[in-house]
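Summary of the model geometry
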Amino acid sequence: MADYLEFFGLKDDPFKITPDANYFFLSESHQEALSSLRYVYESGEGFAVVVGEPGTGKTLTLRKFIDSLPQEEVRFAYILFPNLSPEELFEAILEDLGIKSEGETKNRLFAKLRDFLVEERTKGRKVLVIVDEAQNLPDETLEELRILSNLETEDTKLLQIILAGQPELEEKLSSEKFRQLRQRITVFVKLRNLTKEETKAYIDYRLSKAGKGNIVVSSKAYDLVYRYSMGIPRLINIIMERAMMAAFVESSHEIKPHHVSRAVESVGMRLSEEPFSKRVALISAVGILLAVLLLSGGYLLLNNFPPPLEVKTKEVVKTEVSKVEKKKEVKEVPDEAFVAVPMLNMREGPDTSSEVIYLLREGDRVKILEKGPETWVKVLYEGLDQPVEGWVNGKYLRPLKGE
Ligand SMILES: Nc1ncnc2c1ncn2[C@@H]1O[C@H](COP(=O)(O)OP(=O)(O)O)[C@@H](O)[C@H]1O
Ligand SMILES: [Mg+2]
């Protein structure tokens, strides 16, 4: 680990931006979101919707929720890039659930999914479809999801759907078109930004999780972090990590206000005496954090010090996403790679119809053992007491060494 962690006496990087459920901080709002999701799961009814600005913790909350479920009793599909036609969405869901399908008609795909749901129900298992970044669902596809959610036996629904997305999702759902879907929403939770007190508690919590060490944060520094992050956890992490580096460079164990200002400058946020106008701040924040995550996510894992950041606009970042998605072939097999999507199924064999044996998480490091058909690779994951081996789709991995 980085020298600066040693300097601060920490065991782990307290502000890494990959979602790590061990660092989950239960703010009032995250608590509410989690218990609402559990409620929907228990009751087996309808849709659950979680909205929040980027970086407020939607994906991490979903992950925490999934972790809390009895894994033998539930099957789920997790869709991260839902900008899909109805057919493509059905295919993606089937693929995640481990059912083969190729070039089939929408009706055929629908029937396959229905059969699967009925079968799982007779085995006493629940099936969840989780759509992240659901603001990107085309209208037509969202409508198909509603129809899908109507599938039921005499008394209960066969499928539960969770939509998580940015505030645009709420706008979309409030349009007249989705009146019927709206009636089916049983819980609707909004993740709000952390308050000033929560921001301080969040920072302290993450520091103590990482080993506490000998780091002190001045009360003015807390205030500044709150002001520039607006209480958005992802931004708090980015600012705090850089503030720690700035303090380290000065051999200071105390994080002081000027370290925070330097951190904020280095990520290209606008420094101002006045609190930001919310919209401007959000736009720049969104740009920065997407850029940080997408363009240098892998880099951050490779290097102790993140590279200087370029602030990209949302559009630029979006094209980067589609490039990443399109990169289907893993050309050279690297020795080690990390998981580049929030959740990734590890299977017994190199195809989607074989059993899921483990669920990898974003940032998990794996050793590549063997290249299989198409983009499949066999990997070894050693982050558990017992190492696990299995097959994953290599298009969701990024190499740890070189490109
Ligand atoms: N409740 C929380 N506890 C701990 N860390 C959090 C929490 N919420 C967000 N984070 C941090 O912020 C980052 C962004 O969260 P994420 O779930 O990806 O946000 P979103 O999906 O809303 O854009 C996470 O990787 C994590 O480091
Ligand atoms: Mg997310």
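So, here is what we can say about the structure in this document. (Residues numbered from 1 in each chain as written. Chains lettered and ligands numbered in written order. Predicted model: local features only at pLDDT ≥ 70, side-chain atom pairs only at ≥ 80, totals over all residues.)

1. Considering the overall build of the protein chain
When you go through the protein chain residue by residue, the secondary structure sums to 14 helices and 14 strands. Relative to its full complement of 403 residues, the protein chain shows a buried share of 39%. Once local pairs closer than 6 in sequence are excluded, the contacts in the protein chain between residues at least 24 apart make up 69%. (Helix = DSSP H or I, 4+ residues; strand = E, 2+ residues; numbered from the N terminus. Buried ≥ 20, exposed ≤ 12 C-beta atoms within 10 Å, placed from the backbone. Contact = placed C-beta atoms within 7 Å.)

2. Comments concerning the nonpolar core
Judged by nonpolar contacts, the single largest core of 62 residues is most densely connected at Ile93, Val129, Ile130, Leu163 and Val392. Among the elements that take part in this core, helix α4 (residues 86–97) stands out by supplying 6 residues, more than any other. Each of two domains, domain 2 (28–191) and domain 3 (336–399), supplies a minimum of three residues to this core. Ignoring sequence-local partners within four residues, the contact set of isoleucine 130 consists of Leu62, Phe76, Ala77, Tyr78, Ile79 and Ile162. (Core = buried A, V, L, I, M, F, W, Y, C linked by C-beta atoms within 7 Å. Domains from an automatic or database assignment.)

3. Examining α4
Taking 1.5 Å as the rise per residue, α4 with 12 residues should run 16 Å; its terminal C-alpha atoms sit 16 Å apart, in good agreement. Burial in α4 covers these residues: Leu89, Phe90, Glu91, Ala92, Ile93, Leu94, Asp96 and Leu97. Residues of α4 that are buried make contact with β2 (74–79), α5 (106–122), β3 (126–131), α6 (139–149) and β9 (343–347). Glycine 98 lies just past α4 and shows a positive phi near 90°. (Expected span 1.5 Å × (residues − 1).)

4. Digging into the site of ligand 1
Neighbouring ligand 1 are 19 residues; Gly57, Lys58, Thr59, Leu60 and Pro233 lie closest to it. Among the elements of the structure, α3 (58–67) and α11 (233–249) are those that each provide at least two residues to the shell around ligand 1. Its residues assigned to classes, the shell around ligand 1 comprises 8 nonpolar, 9 polar and 2 charged. Counting contributing residues, the shell around ligand 1 receives three or more from each of domain 1 (3–17 + 194–319) and domain 2 (28–191). (Near = placed C-beta within 6 Å. Nonpolar A, V, L, I, M, F, W, Y, C, P; charged D, E, K, R; others polar.)

5. Quick look at helix α9 (residues 196–209)
End to end, α9 covers 20 Å across 14 residues, agreeing with the expected 20 Å (1.5 Å per residue, within 8%). In this structure, the buried side of α9 is in contact with β6 (216–217), α10 (219–229) and α11. Backbone geometry just downstream of α9 places glycine 211 in the positive-phi region, at approximately 115°.

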